[in-house]
Amino acid sequence: MNTEEMSKAYFRDSEYTLLEAKNALKQGIHHRSVRRAQESVELALKAALRLLGLDYPKRHEVGGFF
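About the criteria used
- Residues numbered from 1 in each chain as written.
- Predicted model: local features only at pLDDT ≥ 70, side-chain atom pairs only at ≥ 80, totals over all residues.
- Heavy atoms only, no water.
- Axes fitted to C-alpha atoms, helices over the stretch in contact; angles between N-to-C directions.
- Helix = DSSP H or I, 4+ residues; strand = E, 2+ residues; numbered from the N terminus.
- Parallel < 35°, antiparallel > 145°, perpendicular 65-115°, else oblique.
- Left-handed = near helix turned anticlockwise from the far one by under 90°.
- Nonpolar A, V, L, I, M, F, W, Y, C, P; charged D, E, K, R; others polar.
- Salt bridge = Lys/Arg side-chain N within 4 Å of Asp/Glu carboxyl O.
- Buried < 20%, exposed > 50% of the residue type's maximum accessible area, 1.4 Å probe, protein only.
- Expected span 1.5 Å × (residues − 1).
- Contact = heavy atoms within 4.5 Å.

1. Section: the packing of helix α1 (residues 3-26) against helix α2 (residues 30-51)
Thought 1: Put simply, α1 and α2 touch, their axes get as near as 8 Å, and they point 165° apart. By the criterion of interaxial angle, the relationship of α1 to α2 is roughly antiparallel. Helix-helix and strand crossings are classified by hand; for α1 and α2 the assignment is left-handed.
Thought 2: Of the residues belonging to the contact of α1 with α2, the class tally is 13 nonpolar, seven polar and eight charged.

The structure is reproduced here in structure tokens:
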């Protein structure tokens, strides 16, 4: 799998996870919705970094990387 394919896969996962967040919110499961939304953002950021050819830190908090 090359960099572009991997980036697209991360974006697809991000979109699916965002749908899960929306469904959890509709059901009133707020803690799950927040967690899935956070996951979605993390995946989208990783996809963007990978698409740019940047190696992101292998830890949960990537704010310092930027």
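2. Quick notes on the pattern of salt bridges
Thought 1: Under the definition given, this model contains three salt bridges.
Thought 2: Of the charged contacts, one joins R36 and E39 as a salt bridge, the two residues approaching to 2.7 Å between their closest N and O atoms. Taken together, the residues R36 and E39, both in helix α2 and three residues apart, mark about one turn of the helix.
Thought 3: E39 gets classed as partly exposed once you look at its relative accessible area, which sits at 22%.
Thought 4: Each of E20, R36 and E39 takes part in salt bridges that share partners, so that together they form one network.

3. Details of α2
Thought 1: The terminal C-alpha atoms of α2 lie 32 Å apart, and with 22 residues this matches the ideal 32 Å at 1.5 Å per residue to within 8%.
Thought 2: In the core, the buried residues of α2 are packed alongside α1.
Thought 3: G53 lies just past α2 and shows a positive phi near 80°.

4. Remarks on the side chain of S14
Thought 1: The topology assignment puts S14 in helix α1.
Thought 2: We classify S14 as buried; its relative accessible area is 6%.
Thought 3: Excluding residues that lie within four positions of it along the chain, S14 makes contacts with S40, L43 and A44.

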